Amino acid sequence: MTKNPSVLKWLEDMKALVTPDQVVWIDGSEEQLEALRKEACSTGEMIKLNEEKLPGCYLHRTAVNDVARVEGRTFICARKEEDAGPTNHWMEPQSAYKMLYDIARGSYKGRTMYVIPYSMGPIGSPFAKIGVELTDSIYVVLNMAIMTRVGNKVWEVLGDSEDWVRGLHCKCDIDEEKRYICHFPEDNTIISVNSGYGGNVLLGKKCFALRIASFLGKNEGWMAEHMLILGIENPKGEIKYVTAAFPSACGKTNLAMLIPPEGYRKNGYKVWTVGDDIAWMRIGPDGRLWAINPENGFFGVAPGTNEKSNPNALHTTKAGTIFTNVAHNLDDNTVWWEGLDKNPPENAVDWKGNPWNGKTSDVKGAHPNSRFTAPAKNCPCISPKFDDGAGVPISAIIFGGRRAQTTPLVYQSRDWNNGVFVGSIMASETTAAATGAVGVVRRDPMAMLPFCGYHMGDYFKHWIEMGEKLGDKAPKIFNVNWFRLDEDGNFIWPGFGDNLRVLEWIIDRCEGKVGAEETAIGYVPKAEDINLEGLDFSIDTLKSILAVNKDQWATEAEGIEEFYTKFGGKLPAELRKELDTLKANLK
Ligand code: GTP
Ligand code: SPV
Ligand code: MN
């Protein structure tokens, strides 16, 4: 398969450690993947779904204690503790290797080692990076084959280079007490043990494409971000691309696949999906910021996805998709989740594997973090630029989170550094995407709190420096909040497709076509500049969610002040200055 000495040496070492019965090289062929699907079905690891309704689709259930990322057990193993920074858990690398090897030793006994060569980014793109994942799970192989570009082509591109990321995954016995997701940025290495859940084990995704890649990006002068990428085509056929960073389960997939409201569709607006979770961005030959999506599929949240909220996502999951931890409808061998429709199946099995009647049961059929793994090419609005190794030029960067109050529907930063400040102070209510309490407001800078592979103070500095390099070609920076609640706890803004109304204002601002109101926090739209045509939504309500409440923001500023103390001397002076300006503005 490959004669790459660094790959072969590492493989020999890992084989000696985990002692598999056999080694299978994943070549990327459909025949091999099909044989693995059959094998997984024969052992019960996967269930083949109704071939007529869901061709090529499968259901998998993870262990009940293994349904989300585990931030408390995720480590950055830099040689110096300071390099992991105050927002990451740290372990000294030598003792981490020892502990992990002790857990991994002999764990493939009686099992098969699958060797997965994969490319993050279109193979051969100047943005792309290569990884090799070793796993004892067919489910991981099949998911990686959807989420990344796998197979022999990757070896060809790699040649004898030593520039690739090592990933060892051992399922072991899914023991929570021995679950570790460890990253060694200085060694380009990831080791994940005792889990079988996506974000912990699909090592190309969060582990490589964010934690390791953010570290590489800082050293090499590019950016790896937790961002969707989408293109907005106007009636003249011009396409502008934006990226958006929202924390986990805060609407990236939904915004990336947005269907314009009817009036916009009639006028010829279209939205093109380039990515739904991760963006790698570099300064292009023209001095602008260009982005690719390093992934090849979508690992999306199932609950809440329906014909109204996100028809494109739903359509994307109709073939070649692996569903994880959703309910199994036994009547027609299909799947169901909360929020799919108002007709839950009566004769079903819930995500835990127990018999389940959706009409009478008071427990959920699908886990709130149940997911679909679907090929990007299935998406009806996938961008023609999806496979373009040069990427797409970015006009605007949008930050956002889930805030019941305080943060307006949308505002624009004054300039790049103020925009970095806006990203650094992001806060959002926690979701089911990670284990732990749900609905607690926490600071999540740039939606990267769980994913930044080094000191977050250095990460802020890297953002500031990217802005210096980009100069007047830098994208404009905005913040959005679709999640303001009324007194009864209902979302005020309709969201989903109607978010295009806000994107239109953002694009118009980038082009200098529309004015704004300057406030203490930045530029807020004049209510009449947000197009409400065809929407049953009053301009007064709009004003209420555009308002900047100085008392709430004064409390916010105190919270930011406290949050910033974490970074000590590593907090860039530029951000300190931005906070002082905010406080002065609020006086
Ligand atoms: P990860 O894959 O975890 O990174 O999540 P994500 O950011 O892609 O989130 P996703 O688009 O899957 O949305 C998560 C949840 O937010 C779903 O339950 C959606 O229904 C809900 N959601 C998304 N967009 C909106 C919106 O505009 N308004 C409201 N109210 N809810 C939304
Ligand atoms: C997220 O949690 O942000 C996800 C899903 O996109 S996971 O792959 O689990 O990280
Ligand atoms: Mn995500």
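Looking at an unreviewed UniProt entry, the protein chain carries the name Phosphoenolpyruvate carboxykinase [GTP], with the source organism given as Hydrogeniiclostridium mannosilyticum.

Colleague: Can you lay out the overall build of the protein chain for me, pointing to particular residues and giving the numbers?
Modeller: Looking only at helices and strands, one finds 17 helices and 31 strands in the protein chain. Here the C-alpha radius of gyration of the protein chain, 23 Å, is about what a compact globule of 587 residues would show, namely 25 Å. With the C-alpha coordinates of the protein chain rotated into their principal frame, the extents come out at 70 × 55 × 45 Å. The buried share among the 587 residues of the protein chain stands at 60%. Long-range contacts, defined as pairs at least 24 residues apart, comprise 72% of the intrachain contacts of the protein chain with a sequence gap of at least 6. Looking at the protein chain as shown, the accessible area adds up to about 22400 Å², and 49% of this sits on carbon and sulfur atoms.

Colleague: Please give an account of the site of ligand 1 that cites residues and values.
Modeller: Near ligand 1 you find 21 residues, and of these Ala249, Lys252, Thr253, Asn254 and Arg371 are the closest. The contact in question runs from an oxygen atom of ligand 1 to an N or O atom on the side chain of Arg402, over 3.1 Å. Taken together, the elements giving at least two residues each to the shell around ligand 1 come down to helix H9 (252-256) and strand S18 (297-301). Looking at which element gives the most residues to the shell around ligand 1, the answer is H9, with three residues. Among the residues forming the shell around ligand 1, the class breakdown is 10 nonpolar, seven polar and four charged. Mapping the shell around ligand 1 onto the domain boundaries places at least three of its residues in each of domain 2 (223-294 + 382-584) and domain 3 (296-376).

Colleague: Give me the nonpolar core: which residues, what numbers.
Modeller: In this structure, Trp280, Phe399, Trp463, Trp493, Ile506, Leu542 and Tyr564 are the most contacted members of the largest nonpolar core, which totals 131 residues. Formed jointly, this core draws a minimum of three residues from each of two domains, domain 1 (3-42 + 69-220) and domain 2 (223-294 + 382-584). With sequence-adjacent residues up to four places away left out, Trp493 is seen in contact with Leu409, Trp482, Asp498, Asn499, Arg501, Val502, Leu532, Leu535, Phe537, Leu542 and Ile545.

Colleague: Tell me about the pattern of salt bridges, residues and numbers included.
Modeller: Counted according to the given criterion, the structure contains 34 salt bridges. The shortest N-O distance in the salt bridge between Glu71 and Arg442 comes to 2.9 Å. Of this pair, Glu71 sits in the loop between strand S3 (58-60) and strand S4 (74-76) while Arg442 sits in strand S28 (residues 441-443); the two residues are 371 residues apart in sequence, bridging distant segments of the chain. Across the pair Lys205 and Glu295 runs a salt bridge, and its minimum N-O distance is 2.9 Å. Of this pair, Lys205 sits in helix H8 (residues 204-220) while Glu295 sits in the loop between strand S17 (289-292) and S18, placing them 90 residues apart in sequence.

Colleague: Provide a residue-level description of the coordination of the manganese ion (ligand 3), including the pertinent values.
Modeller: Distances from the manganese ion (ligand 3) to its protein donors, Lys206 (NZ), His226 (NE2) and Asp277 (OD), fall within 2.1 to 2.5 Å. Classification of the site at the manganese ion (ligand 3) as irregular follows from its six donor atoms and the range of 65 to 175° in their angles at the metal. Read from N- to C-terminus, the donor residues coordinating the manganese ion (ligand 3) fall into the pattern K-x19-H-x50-D. With Lys206 in helix H8 and Asp277 in the loop between strand S15 (270-275) and strand S16 (279-283), this residue pair connects regions lying 71 residues apart in the sequence. Both residues of the pair, Lys206 and Asp277, belong to the buried class.

Colleague: How would you summarise the domain arrangement of the protein chain if you had to cite specific residues and measurements?
Modeller: When the parts of a complex come together, some accessible area is lost, and that lost area is often taken as the interface size. We note that the domain assignment places domain 1 (3-42 + 69-220), domain 2 (223-294 + 382-584) and domain 3 (296-376) within the protein chain. Averaged C-alpha coordinates put domain 1 and domain 2 at centres separated by 31 Å. The interface is formed by 34 residues belonging to domain 1 together with 38 residues belonging to domain 2. Summing both sides of the interface, domain 1 and domain 2 together bury roughly 3100 Å²; the carbon and sulfur share of this comes to 58%.

Colleague: Could you give an account of the pairing of strand S24 (residues 371-375), with specific residues and numbers?
Modeller: Most of S24 is tucked away, with five of its five residues classed as buried. Going residue by residue along S24, you find Arg371, Thr373 and Pro375 tucked away on one face and Phe372 and Ala374 tucked away on the opposite face as well. When S18 meets S24, the two strands line up antiparallel, connected through five bridges. Note on S24: the bridge partner recorded for Val301 is Arg371. Bridging between strand S19 (residues 322-324) and S24 involves three bridges; their strand directions are antiparallel. Considered in S24, the bridge of Thr324 is made with Arg371.

Colleague: If you had to explain the UniProt feature "active site" (unreviewed entry) in the protein chain to someone new, which residues and values would you point to?
Modeller: The feature "active site" (unreviewed entry), as annotated in UniProt, sits at Cys250 in this numbering. Considering the arrangement of structural elements, one finds Cys250 in the loop between strand S14 (239-245) and H9. Discounting residues that sit within four places of it in the chain, Cys250 has contacts with Arg402, Ser428, Thr431 and Phe483.

Colleague: Give me the lowdown on the sheet that holds strand S22 (residues 348-349), citing residues and values where you can.
Modeller: The strands making up a sheet associate through backbone hydrogen bonding, with each pair oriented either parallel or antiparallel. Strand order in the open sheet formed by four strands is S21-S20-S22-S23, with antiparallel pairing between adjacent strands. The two strands at the open ends of the sheet, each matched to only one other strand, are strand S21 (334-336) and strand S23 (355-356). Direction of pairing for strand S20 (residues 327-329) relative to S21: antiparallel, over a ladder of three bridges. Opposite Ala327, over in S21, you have Trp336 as the bridge partner.

Colleague: I'd like a rundown of the packing of helix H12 (residues 416-424) against helix H17 (residues 573-586), residues and numbers included.
Modeller: Relative orientation of the contacting elements H12 and H17 amounts to 85°, with a least axis distance of 9 Å. It follows from the interaxial angle that H12 and H17 lie roughly perpendicular. Judged by residue contacts, Asn417, Asn418, Val420, Phe421 and Ser424 of H12 engage Glu574, Leu575, Glu578, Leu579 and Leu582 from H17. Per-class residue counts for the contact of H12 with H17 are five nonpolar, three polar and two charged.

Colleague: Help me get a handle on the site of ligand 2, residues and values and all.
Modeller: By nearness alone, every residue bordering ligand 2 is listed as Arg69, Tyr197, Gly199, Lys205, Lys206, His226, Ser248, Asp277, Phe299, Arg371, Ala433 and Phe451. For ligand 2, an oxygen atom lies 3.3 Å from a polar atom in the backbone of Gly199. In this structure, an oxygen atom belonging to ligand 2 sits 3.4 Å away from a side-chain N or O atom of Asp277. Out of a free accessible area of 280 Å², ligand 2 has 99% covered by protein chains. When its residues are assigned to classes, the shell around ligand 2 shows four nonpolar, three polar and five charged. Looking at which domains feed residues into the shell around ligand 2, each of domain 1 (3-42 + 69-220) and domain 2 (223-294 + 382-584) gives three or more.

Cut-off values and rules
Residues numbered from 1 in each chain as written. Chains lettered and ligands numbered in written order. Predicted model: local features only at pLDDT ≥ 70, side-chain atom pairs only at ≥ 80, totals over all residues. Heavy atoms only, no water. Helix = DSSP H or I, 4+ residues; strand = E, 2+ residues; numbered from the N terminus. Rg over C-alpha atoms; globule rule 2.2 N^0.38 Å. Buried < 20%, exposed > 50% of the residue type's maximum accessible area, 1.4 Å probe, protein only. Contact = heavy atoms within 4.5 Å. Areas by Shrake-Rupley, 256 points an atom, 1.4 Å probe, with all protein chains shown as cover. Near = heavy atom within 4 Å. Polar contact = N/O pair within 3.5 Å; in protein donor to acceptor, adjacent residues only side chain to side chain. Nonpolar A, V, L, I, M, F, W, Y, C, P; charged D, E, K, R; others polar. Domains from an automatic or database assignment. Core = buried A, V, L, I, M, F, W, Y, C linked by side-chain atoms within 4.5 Å. Salt bridge = Lys/Arg side-chain N within 4 Å of Asp/Glu carboxyl O. Donors = N, O, S within 2.8 Å, 3.2 Å for Na, K, Ca; no water. Tetrahedral: all angles 85-135°; square planar, octahedral: opposite > 155°, others 65-115°. Buried area = accessible area lost by both parts, 1.4 Å probe. Pairing = 2+ DSSP bridges. UniProt positions renumbered as here; feature names shortened; annotations may be inferred. Axes fitted to C-alpha atoms, helices over the stretch in contact; angles between N-to-C directions. Parallel < 35°, antiparallel > 145°, perpendicular 65-115°, else oblique.

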